[in-house]
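Letter by letter, the chains look like this.
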Amino acid sequence: MKLYIETLGCPKNFNDSEGIAGIWERSGMNMTDDPAQADAILVNTCGFINDAKKESIDKIFEMADLIEDEEEQAKTQNGENQKKILIVSGCLSQRYGSELFDEMPEVDIFLGVNDYEKLPQIVQNFKRGQRQKLFSCQPEKFIEFSERKTEEHPYTATLRIAEGCNNCCAYCVIPQIRGKYRSRPMENILQEAEELASKGCKEVILIAQDVTEYGRDLYGELKLAELLRSLCRIEGLRWIRLMYCYEDKITDELIEVMASEEKICHYLDIPLQHISDYVLENMNRHSTTESIKDTLCRLKKAIPDIHIRTTLITGFPGEREEDFDELVEFVETQRFERLGVFAYSREEGTVAGDMENQIDEEIKQARADSIMRRQMDISREINEAKVGQIFEVLVDGQDEEGAYIGRTQYDAPEIDNTVIFQAGQELAPGDMVKVMITDAFDYDIVGRMEE
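Only a predicted model underlies this, so the values are computations on that prediction, with no experimental measurement involved.

Peer 1: Could you give me a rundown of the sheet that holds strand β18 (residues 432-440), with the residues and numbers involved?
Peer 2: In space, the five strands of this closed barrel follow the order β15-β16-β17-β19-β18, with mixed pairing throughout. Recorded for the sheet is a direction-independent mean angle of 55° between the axes of neighbouring strands. As paired strands, strand β15 (residues 390-398) and strand β16 (residues 404-407) are joined by four bridges and run antiparallel to one another. Paired with glutamine 398 across the strands is tyrosine 404, a residue of β16.

Peer 1: Outline unusual backbone geometry, listing residues and values.
Peer 2: Positive phi is not limited to glycine here, since asparagine 284 has a value of about 60°. In this structure, asparagine 284 sits in the loop between α10 (277-282) and α11 (289-302). Residue arginine 335 is not a glycine yet carries a positive backbone phi of 50°. For arginine 335, a relative accessible area of 30% translates into the label partly exposed.

Peer 1: Before we move on, could you go through the nonpolar core and cite the residues and values that matter?
Peer 2: Counting residues in each nonpolar core, the largest one holds 57 residues, and the members touching the most others are Ile161, Leu206 and Leu227. One finds Ala21, Ile23, Met29 and Phe126 within the second-largest nonpolar core, a separate group that totals 19 residues.

Peer 1: Hey, could you go over helix α8 (residues 224-232) for me, with residue numbers and the actual values?
Peer 2: Among all positions of α8, only Leu224, Ala225, Leu227, Leu228, Leu231 and Cys232 are buried. Looking down the long axis of α8, one finds its buried residues gathered within 160° of arc, a one-sided arrangement. Buried-residue contacts for α8 involve β7 (156-160), α6 (186-198), β10 (203-207), β11 (239-242), α9 (252-260) and β12 (264-269).

Peer 1: Provide a residue-level description of the pattern of salt bridges, including the pertinent values.
Peer 2: Summed over all chains, the structure comprises 46 salt bridges. A salt bridge links aspartate 294 to arginine 298; the shortest N-O distance between them is 3.2 Å. Of the two residues, aspartate 294 and arginine 298 both sit in helix α11, four residues apart, roughly one turn of that helix. Overall, aspartate 294 belongs to the partly exposed group, its relative accessible area being 41%. Owing to a relative accessible area of 24%, arginine 298 belongs among the partly exposed residues under this scheme. For arginine 320, the salt bridge goes to aspartate 323, with nearest N and O atoms at 2.9 Å. Through salt bridges with shared partners, one network takes in Glu18, Glu144, Arg148, Arg184 and Glu192.

Peer 1: Quick rundown of the layout of surface pockets? Include the residues and the values.
Peer 2: Taken as a whole, the second largest pocket spans an internal volume of roughly 390 Å³. Taken together, 16 residues line the second largest pocket, and the ones lying closest to its centre are Phe145, Arg148, Arg184, Glu192 and Glu195. Of the residues forming the lining of the second largest pocket, the biggest block, five residues, is contributed by α6. Residues that form the lining of the second largest pocket fall into these classes: three nonpolar, five polar and eight charged.

Peer 1: Give a detailed account of the pairing of β10, specifying residues and quantitative values.
Peer 2: Most of β10 sits out of view: five of its five residues are buried. Where burial is concerned, the two faces of β10 agree: the one with Glu203, Ile205 and Ile207 and the one with Val204 and Leu206 are both buried. Pairing of β10 with β11, which is carried by four bridges, proceeds in the parallel orientation. If you follow valine 204 over to β11, its bridge partner there is isoleucine 240.

Peer 1: Go over the side chain of aspartate 115 with me, naming the residues and quoting the values.
Peer 2: Structurally, the position occupied by aspartate 115 is in the loop between β5 (109-111) and α4 (119-124). Those residues in contact with aspartate 115 that lie beyond four places of it in its chain are Leu134, Phe135 and Ser136.

Peer 1: Account for the packing of aromatic side chains, naming residues and giving values.
Peer 2: Per the counting criterion, the structure on display carries six aromatic pairs. Look at tyrosine 171 and phenylalanine 316: their rings are 6.4 Å apart centre to centre, the planes differ by 85°, and that puts the pair in the edge-to-face class. Placement of the pair is tyrosine 171 in the loop between β8 (162-163) and α5 (174-178) and phenylalanine 316 in the loop between β13 (307-314) and α12 (321-334), with a sequence separation of 145 residues. The class of tyrosine 171 is buried, set by a relative accessible area of 8%. Plain terms: the ring middles of phenylalanine 316 and tyrosine 344 are 5.4 Å apart, the flat faces sit at 70° to each other, and that makes the pair edge-to-face. Of this pair, phenylalanine 316 sits in the loop between β13 and α12 while tyrosine 344 sits in the loop between β14 (338-343) and α13 (361-384), and the two are 28 residues apart along the sequence. Judged by its relative accessible area of 4%, tyrosine 344 falls in the buried class. Ring pairs connect the aromatic residues Tyr171, Phe316 and Tyr344, which therefore count as one cluster.

What counts as what
Residues numbered from 1 in each chain as written. Predicted model: local features only at pLDDT ≥ 70, side-chain atom pairs only at ≥ 80, totals over all residues. Heavy atoms only, no water. Pairing = 2+ DSSP bridges. Helix = DSSP H or I, 4+ residues; strand = E, 2+ residues; numbered from the N terminus. Axes fitted to C-alpha atoms, helices over the stretch in contact; angles between N-to-C directions. Buried < 20%, exposed > 50% of the residue type's maximum accessible area, 1.4 Å probe, protein only. Core = buried A, V, L, I, M, F, W, Y, C linked by side-chain atoms within 4.5 Å. Arc of directions from axis to C-beta. Contact = heavy atoms within 4.5 Å. Salt bridge = Lys/Arg side-chain N within 4 Å of Asp/Glu carboxyl O. 1 Å grid on protein atoms, 1.4 Å probe; cavity = no way out; pocket = protein on both sides within 12 Å on 5 of 7 lines; lining within 4 Å. Points joined across faces, edges and corners; volume = space filled by probe spheres on them. Nonpolar A, V, L, I, M, F, W, Y, C, P; charged D, E, K, R; others polar. Phe/Tyr/Trp six-rings, centres within 6.5 Å; stacked < 30°, edge-to-face > 60°.

Now the structure itself:
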C-alpha cells in the first residue's frame, strides 16, 4: 500500500509526519508524493488557532473531494477502483476527533497524536464501512518514533528534544492536546543528531513546545546548555538553531554557550506575546516587563549580532489602549529583526476563552496590522544596513529565473527572510557559500556570490 501525507502547521507537525512516514515504510509499505497514486491519504492537521483549524478542515474536504472524484471517474469508465482510505491525524484530530468523527463521515480513520505507531496495522486491517477513531491517553514519558524518514541527504532537519508543555498559558490548548512536558533522553537526541550528520545534514533545528524547559523532568534541572555543548562536538554539523524558547528560562549559562560555541546560530526564537505586565499576568505568562527587557539586554550584550524572532498577540481579553500603546513602543524601541503578530484567537476550553472583556474582532486585527506595518519598515531598515556586508549563506534552491535562494544563520527555513543571489558556478541545495549583499527589501536581501 502507498501512503500520501499532507502536513499542515508548525515544524513539530512536519517532524511528526517524518515519523509517520518512517513507521509506514518500516512496516514494509511505500510512500508517495502523489495523492492520485496513493491507497491511503493522511492529513496531519493543526488545531492551534481558528485560522489553522479552518485550513485543516478545508484540506480534509479537499482530499475527500479528490477521492470522490476518482471514484466517480472509475464508475464512468466501468473500471475497478479501490477507494482510497482517508485518515486524519494531528492536533485537530486529537482535540476534536470525537466530534469530527460524527460530523465528517467522509473520513475513515481519526488518529490521535500518540498513536502513529499503530497506523500500519489499523490501515491493513481496515474494512470498508467500519470507520475507526483512536485517541490514546497521554504517555508519562517521551515516546520515540521507531523510525523517521528524512530526505536521503538532508542538509537541514528538525531535531525534537521534548513533547508536551507545562506552561499552561491562558490562551493555549497545547497542554490539553500534547500533554505534560516530557524531555527526550539526551543520548537519544545525540544519536539522532549523529545519524543526521552522517547523512550530510549541516543544520539541525531544535524543536519542542518549549526547548528551554529541556531536562527538568528527566534530570531535575535545566539541561539545554549541556545538550548544546554536546551537539557542538558532532562532526559535520555547521549550524544549530533554537526555536520556541521561553524568556524566563534563558539563563546566563545558556547565553554563555550561545556566545562561545561557533556552531550555534546567533538566532533565537522567543515567543514573548506581550510586554504589558497587566496583559502578561492575565495570560498566565511567567515573564514580566522588567524580565523581558533584561533578558533581551543580556542577549544583545553577550551576542551583539543576535537576531531575535518573536511573536505577539494583540486583542487579548481586557487589553487596554495603554497596553497596546506600550506594546507598540516596545516594538519600536527593541527593533526585532524578525517579528510576527497574531490577533487573539478565542479558543474553547481555555481560561482566556471564558474571560470577560473579549475584544471586537476588527479592533484585534487592526492592532495587529498596525504593528506589522511598523515592523515592515523596521525590517527593511535592518536589511538595508546589511548592504555591503558578506554573509555565509546556506543554499535552499533556485527561483524560476535561475537565481539562487538561500538563508543566513539568522533565518529559519520557511519562516524568515531569504537571500536571493547570483553565482558564477552551479550550486546545489545544502552548499554553503559567501555572498556579498548588494540590495535590500522589506523581508529579503539580494547579493552575489563571492568567488
